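So you can see what is in the structure, the chains are spelled out below.
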Amino acid sequence: MKLCAAKGAYLVLDLHQFGAPTEKHVAFWKDAATRYKNNPTVLFELFNEPHGISWEVWRNGGSLKNDKHTDVNPTENQEKNADDMSVGVQSLVDAVRSTGAKNIVITGGLDWRTTCPAS
């Protein structure tokens, strides 16, 4: 990280996961944010490849068993959600911020980041 900073570069800490965020991902980000919160050259990519869930569950969490979302390209999407509940990406943001970390966070849209709902 010191080398990145010396070269004017940033380091992206990427939680490379598929599906939907769960409690274990909250714990990961609390630990990581505590370690790197004083290093502004470290950016946090909270969850790399969300898919197989609705926008509502992606953002706010909820049941993965009852979510009616269909993937954009199911032939490429062979990863399944292993847990029954998602905490949602907002919980990951909250976990980072609860440590006092002000690092930039990166969050993507759904379906391998190819789509994002219009607001």
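Values in this document were obtained by computation on a predicted structure and should not be read as measured data.

## Digging into the packing of aromatic side chains
Overall, the coordinates contain three aromatic pairs when judged by the stated rule. Geometrically, the ring pair formed by F28 and W29 is edge-to-face, given 4.9 Å between the ring centres and 85° between the ring planes. Between the aromatic rings of W29 and F44, the centroid separation amounts to 5.2 Å while the plane-to-plane angle is 50°, which identifies the pairing as tilted. Residue W29 is located in helix α2 (residues 23-36), and its partner F44 is located in strand β3 (residues 42-45); the two are separated by 15 residues in the primary sequence. Judged on exposure class, the residue W29 and its partner F44 are both buried. One aromatic cluster is present, formed by F28, W29 and F44 through successive ring pairs.

## Thoughts on the confidence of the model for the protein
Taken as a whole, the protein shows an average pLDDT of 82; of its residues, 78% reach a score of 70 or greater. Between residues 71-78, whose pLDDT stays under 50, and residues either more than four places distant or in other chains, the model counts 10 contacts. Across residues 114-119, where pLDDT falls below 50, the model places six contacts with residues more than four positions away in sequence or in other chains.

## What to know about the sheet that holds strand β7 (residues 105-106)
Taking strand neighbours across the sheet as the criterion, the three strands line up as β1-β3-β7 in an open arrangement whose pairing is parallel. The open sheet is flanked by β1 (11-14) and β7, the only strands paired with a single partner. Two strands pair when backbone bridges link them, and β3 and β7 are joined in this way by two bridges, in the parallel orientation. What sits directly across from F44, in β7, is V105. Contacts between α2 and the sheet are confined to β1 and β3, with β3 contributing the most and set at about 170° to the helix.

Cut-offs applied
Residues numbered from 1 in each chain as written. Predicted model: local features only at pLDDT ≥ 70, side-chain atom pairs only at ≥ 80, totals over all residues. Heavy atoms only, no water. Phe/Tyr/Trp six-rings, centres within 6.5 Å; stacked < 30°, edge-to-face > 60°. Helix = DSSP H or I, 4+ residues; strand = E, 2+ residues; numbered from the N terminus. Buried < 20%, exposed > 50% of the residue type's maximum accessible area, 1.4 Å probe, protein only. pLDDT = per-residue confidence, 0-100. Contact = heavy atoms within 4.5 Å. Pairing = 2+ DSSP bridges. Axes fitted to C-alpha atoms, helices over the stretch in contact; angles between N-to-C directions.

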